[in-house]
Protein chains: 2
Amino acid sequence: MPGRAGRDAEFARLSWDERGLVAAIVQQHDTGEVLMLAWMDAEALHRTLDTGTATYFSRSRDEYWVKGETSGNTQAVVSVAVDCDGDALLVRVDQTGVACHTGTRTCFTGREIWHEGGTR
Amino acid sequence: MPGRAGRDAEFARLSWDERGLVAAIVQQHDTGEVLMLAWMDAEALHRTLDTGTATYFSRSRDEYWVKGETSGNTQAVVSVAVDCDGDALLVRVDQTGVACHTGTRTCFTGREIWHEGGTR
């Protein structure tokens, strides 16, 4: 497996925003559940690929965070794809436990605000 | 179904960014495929719920766009959920045709840059 230098071609396909970030959509690889949305800069993506464990950049705390480092609910990364614009990543993972810090399986679980044909 | 005024409680759960936008993760409702990432402001979300057809805000063109309006590859919205932070939406849709303007099924199709155990 190539090291960081071997990722130059892949990283060149990314369009970092003015803060140096891209959005990362995190999906459970086998069930297809969308677990959460997070952000990565180049260093967070390198750390993710170096370790195989999802590492993000917190915009609110202005720091790197290994997802699940304190809770144990880590994400083993299965694959990473970039979108056609280069400003979003699809990170397919194997989630240990729950993805959301509130205790729900995904950050969207139980948070539907509208459903076709429903009353909202 | 309530009109725009009936959505006040749901919209109050959203944290719009400094541009008035939230990220919208768009997922095919039955297969679980992540189709694309787009952006919505309050008006785009209202139009989406008014019509049942996904409508986004283009950051690059600074305008609303009904997804598929010219190509015919529209997205019938099945449900919308908000995440725990209120700054991301999960929009589950039924995609007609392909989601990506490049002709691929999703904006991530064929754009993998890393796979666990692989050479990249």
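Here, the structure is the one placed above.
A.B. asks: Please explain the pattern of salt bridges as it appears in this structure.
C.D. replies: Any two side chains of opposite charge can pair if their charged atoms end up close together. All names here are of chain A. As enumerated under the stated definition, the model contains 16 salt bridges over all chains in all. Among the salt bridges present, the one from Arg 4 reaches Asp 50, with a minimum N-O distance of 2.7 Å. Of this pair, Arg 4 sits in the segment before helix H1 (8-11) while Asp 50 sits in helix H2 (residues 42-51); the two residues are 46 residues apart in sequence, bridging distant segments of the chain. On the accessibility criterion, Asp 50 (41% relative accessible area) is partly exposed. Between Arg 47 and Glu 43 there is a salt bridge, with its nearest N and O atoms 2.9 Å apart. Placement of both Arg 47 and Glu 43 in helix H2 is noted, with a separation of four residues, approximately one turn of the helix. A single salt-bridge network, built from bridges that share partners, covers Arg 4, Arg 7, Glu 43, Arg 47 and Asp 50.

A.B. asks: Whenever I open this one, the pairing of strand E6 (residues 88-95) of chain B confuses me. Can you help?
C.D. replies: Every other side chain in a regular strand lies on the same face of the sheet, so the side chains alternate between the two faces. All names here are of chain B. Counted residue by residue, E6 has six buried out of eight residues, so it is predominantly covered. One ladder, built from six bridges, connects strand E1 (residues 22-28) with E6; its direction is parallel. The residue of E6 that forms the bridge with Val 26 is Val 91. Bridge count for strand E5 (residues 75-82) against E6 is seven bridges, and the pairing is antiparallel. Bridging across to E6, Val 82 finds its partner in Leu 89. Where E5 hands over to E6, the hairpin turn is made up of five residues, of which Gly 86 adopts a positive phi near 80 degrees.

Here is what the cut-offs are and how they apply
- Residues numbered from 1 in each chain as written.
- Chains lettered and ligands numbered in written order.
- Predicted model: local features only at pLDDT ≥ 70, side-chain atom pairs only at ≥ 80, totals over all residues.
- Heavy atoms only, no water.
- Salt bridge = Lys/Arg side-chain N within 4 Å of Asp/Glu carboxyl O.
- Helix = DSSP H or I, 4+ residues; strand = E, 2+ residues; numbered from the N terminus.
- Buried < 20%, exposed > 50% of the residue type's maximum accessible area, 1.4 Å probe, protein only.
- Pairing = 2+ DSSP bridges.

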